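# Working through the structure, step by step
Spelled out from the first residue to the last, the chains are:
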Amino acid sequence: MTGGSAMTDTIFIGIAGGTGSGNTQSAVEAVEKLIDAIGNVTLNSADAIDKARAAYNKLSASEQEKVSNYAKLTDAEAKLSNLQIKNAETMIGKIGTVT
């Protein structure tokens, strides 16, 4: 379905299913689980962060307001960005003097 893990596929199915209040709660919970699954942010966390962001973006505005750990997602995105910048700076520094 998404090319991800079985858990990810199940979560996306939950998000896609209908608009009833039970489905809304399931979709919100599924996104919260994806955000929690990010864990400790490293340079290898980009896929997990991207999946959580994509799932969050698929929610309606009212559903997004119910995601209790949204700050965790934005914090993870910021931390990943900082890690990527530091990594790029390190890689550039390793180039040395170009003549």
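Residues numbered from 1 in each chain as written. Predicted model: local features only at pLDDT ≥ 70, side-chain atom pairs only at ≥ 80, totals over all residues. Heavy atoms only, no water.

## Here's the deal with a nonpolar patch on the surface
- A cluster of nonpolar residues, Ile92, Ile95 and Val98, forms a patch on the protein surface that exposes about 340 Å² of accessible area.
- Relative to the helices and strands, Ile95 resides in helix α5 (residues 70-95).
- Here Ile95 falls in the exposed class, since its relative accessible area comes to 57%. (Patch = residues over 30% accessible without salt bridge, like charges linked within 9 Å, V, L, I, M, F, W, Y side chains within 5 Å. Areas by Shrake-Rupley, 256 points an atom, 1.4 Å probe, with all protein chains shown as cover. Salt bridge = Lys/Arg side-chain N within 4 Å of Asp/Glu carboxyl O. Helix = DSSP H or I, 4+ residues; strand = E, 2+ residues; numbered from the N terminus. Buried < 20%, exposed > 50% of the residue type's maximum accessible area, 1.4 Å probe, protein only.)

## As for the packing of helix α3 (residues 46-58) against α5
- At a closest axis distance of 10 Å, the pairing of α3 and α5 adopts a crossing angle of 140°. By the angle between their axes, α3 is oblique relative to α5. Taken as a pair, α3 and α5 cross one another with a handedness that is left-handed. Contacts from Ala46, Ile49, Ala52, Arg53 and Tyr56 of α3 reach α5 at Tyr70, Leu73, Thr74, Ala76, Glu77 and Leu80.
- By residue class, the composition of the contact of α3 with α5 is eight nonpolar, one polar and two charged. (Axes fitted to C-alpha atoms, helices over the stretch in contact; angles between N-to-C directions. Parallel < 35°, antiparallel > 145°, perpendicular 65-115°, else oblique. Left-handed = near helix turned anticlockwise from the far one by under 90°. Contact = heavy atoms within 4.5 Å. Nonpolar A, V, L, I, M, F, W, Y, C, P; charged D, E, K, R; others polar.)

## Some thoughts on α3
- Under the 1.5 Å per step criterion, the end-to-end length of α3 is 18 Å for 13 residues, consistent within 8% with the ideal 18 Å.
- Three or more residues of α3 are buried, namely Ile49, Ala52, Arg53, Ala55 and Tyr56. Taken around the axis of α3, the buried residues stretch over an arc of 165°, which confines them to a single face. Along α3, the residues that are exposed and aim more than 90 degrees away from the buried face are Asp47 and Lys58. (Expected span 1.5 Å × (residues − 1). Arc of directions from axis to C-beta.)

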